[in-house]
Amino acid sequence: GAVVSQHPSRVICKSGTSVKIECRSLDFQATTMFWYRQFPKQSLMLMATSNEGSKATYEQGVEKDKFLINHASLTLSTLTVTSAHPEDSSFYICSARASGGPGLEQYFGPGTRLTVT
Amino acid sequence: GEDVEQSLFLSVREGDSSVINCTYTDSSSTYLYWYKQEPGAGLQLLTYIFSNMDMKQDQRLTVLLNKKDKHLSLRIADTQTGDSAIYFCAESFGNYGQNFVFGPGTRLSVLP
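Now for a look at the structure at hand.

Thresholds applied
- Residues numbered from 1 in each chain as written.
- Chains lettered and ligands numbered in written order.
- Predicted model: local features only at pLDDT ≥ 70, side-chain atom pairs only at ≥ 80, totals over all residues.
- Heavy atoms only, no water.
- Helix = DSSP H or I, 4+ residues; strand = E, 2+ residues; numbered from the N terminus.
- Rg over C-alpha atoms; globule rule 2.2 N^0.38 Å.
- Buried < 20%, exposed > 50% of the residue type's maximum accessible area, 1.4 Å probe, protein only.
- Contact = heavy atoms within 4.5 Å.
- Buried area = accessible area lost by both parts, 1.4 Å probe.
- Salt bridge = Lys/Arg side-chain N within 4 Å of Asp/Glu carboxyl O.
- Polar contact = N/O pair within 3.5 Å; in protein donor to acceptor, adjacent residues only side chain to side chain.
- Nonpolar A, V, L, I, M, F, W, Y, C, P; charged D, E, K, R; others polar.
- Pairing = 2+ DSSP bridges.
- Axes fitted to C-alpha atoms, helices over the stretch in contact; angles between N-to-C directions.
- Phe/Tyr/Trp six-rings, centres within 6.5 Å; stacked < 30°, edge-to-face > 60°.
- Disulfide = S-S within 2.5 Å.

### Things to note about the overall build of chain B
1) Next: Counting secondary structure elements, chain B contains zero helices and 11 strands.
2) Next: Walking chain B from its N terminus toward its C terminus, one meets helices and strands in the order β-β-β-β-β-β-β-β-β-β-β.
3) Next: Here chain B has a C-alpha radius of gyration of 13 Å; the compact-globule value for 112 residues is 13 Å, and the two agree.
4) Next: Per-residue burial for chain B yields a buried fraction of 46% across its 112 residues.

### Some thoughts on the interface of chain A and chain B
1) Next: At the interface, 19 residues of chain A touch 20 residues of chain B.
2) Next: Roughly 1400 Å² is buried in total at the junction of chain A and chain B, and carbon and sulfur atoms are behind 56% of that figure.
3) Next: Our enumeration of links across chain A and chain B arrives at zero salt bridges.
4) Next: Here chain A and chain B share three residue pairs in polar contact (both at pLDDT 80 or more) between them.
5) Next: Secondary structure elements with two or more residues in the side of chain A that touches chain B: β4 (30–38), β9 (90–98) and β10 (106–108) of chain A.
6) Next: Among the residues making up the side of chain A that touches chain B, the classes are represented as nine nonpolar, six polar and four charged.

### A word on the sheet that holds strand β1 (residues 4–7) of chain A
Residues and elements named next belong to chain A.
1) Next: Sheet architecture is open: four strands sit in the order β1-β3-β8-β7, paired in antiparallel fashion. A single partner strand is all that each edge strand has here, and the edge strands are β1 and β7 (67–73). Between one strand axis and the next, the sheet turns through 15° on average, direction left out of account.
2) Next: With five bridges joining them, β7 and strand β8 (residues 76–81) adopt antiparallel strand pairing. Across the sheet, the residue bridging to Asn70 is Thr78, located in β8.

### Examining the packing of aromatic side chains
1) Next: Per the stated rule, a full pass over the model turns up 14 aromatic pairs over all chains.
2) Next: Measuring from centroid to centroid gives 5.7 Å for A:Tyr36 and A:Phe108, while their planes differ by 45°, and the two rings are tilted. Residue A:Tyr36 is located in strand β4, and its partner A:Phe108 is located in strand β10; the two are separated by 72 residues in the primary sequence.
3) Next: Residues B:Tyr33 and B:Tyr35 carry aromatic rings whose centres are separated by 5.9 Å and whose planes lie at 25° to one another, so their mutual orientation is stacked.
4) Next: B:Tyr33 gets classed as buried once you look at its relative accessible area, which sits at 0%.
5) Next: Clustering of aromatic rings is evident, with ring pairs tying together A:Phe34, A:Tyr36, A:Phe108, B:Tyr31, B:Tyr33, B:Tyr35, B:Tyr48, B:Phe50, B:Phe88 and B:Phe102.

### Digging into the environment of A:Met45
Residue and element names in this part refer to chain A.
1) Next: As for its position among the elements, Met45 is in strand β5 (residues 44–51).
2) Next: Expressed as a C-alpha distance, the spacing of Met45 and Thr115, which sit 70 residues apart in the sequence, is 18 Å.
3) Next: Non-local contacts of Met45, meaning those with residues more than four positions away in its chain, are made with Trp35, Tyr36 and Arg37.

### Observations regarding the state of the cysteines
1) Next: Tallied over the full model, the rule gives two disulfides over all chains.
2) Next: Two residues, A:Cys23 and A:Cys94, share a disulfide whose sulfurs are 2.0 Å apart. Because the torsion about its S-S bond is 80°, the bridge between A:Cys23 and A:Cys94 counts as right-handed. Of this pair, A:Cys23 sits in strand β3 (residues 19–25) while A:Cys94 sits in strand β9, and the two are 71 residues apart along the sequence.
3) Next: On the basis of relative accessible area, A:Cys23 is assigned to the buried category, the value being 0%.
4) Next: Residue class for A:Cys94 comes out buried when judged on its relative accessible area of 0%.
5) Next: The side chain of B:Cys22 participates in a disulfide bridge whose partner is B:Cys89; the two sulfur atoms lie 2.0 Å from each other. Between B:Cys22 and B:Cys89, the S-S torsion sits near -65°, and that sign places the bridge as left-handed. Taken together, the residues B:Cys22 in strand β3 (residues 18–24) and B:Cys89 in strand β9 (residues 85–93) connect sequence positions 67 residues apart.

Structural data, given as structure tokens:
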């Protein structure tokens, strides 16, 4: 099946620094990638939708200047958390939608656990 | 807006069947999904059903869709301890299924 990877799987950073998380579709091309955030014992909250070659669409309440998304190719999207603060600590999950094909399934990455100290 | 609801907890004994229920509000859903999340891990797609289907079976998993009542269920036959996880119901909608909404997740505990 389709595989989506994320790197890093875990990251600890100091408050005020920036962190970049990569999301890659390994064996398919993804015209659309999604970034989610999950707090402990809660469901996923969609942060933004990223289309290759165009600006990301952010959900209401998500600061686009703080969460920078770049979808530079059909297999790579990056999320940069700028000037991170402890409240940004969370589990970030990306997903990719395969272009073409019979289904419209999203394939999820394994997630990145960000801890800001 | 769109809303997906699930009961938050379910406990079953090993070997029994588990039934996880989900209700949704958007009648224009394109696909409905069941995802599994084990502790500290990402989401694993278990199965999905197109909105014009009533049932889908895949080995131990049976998905039932009642579109009239906007009710989706996931039945796991012969539940094993390895099935303990959080199960998320999700729907996609829009002309191309591009919008995605998750339920809060049901925590399934399998007792020996």
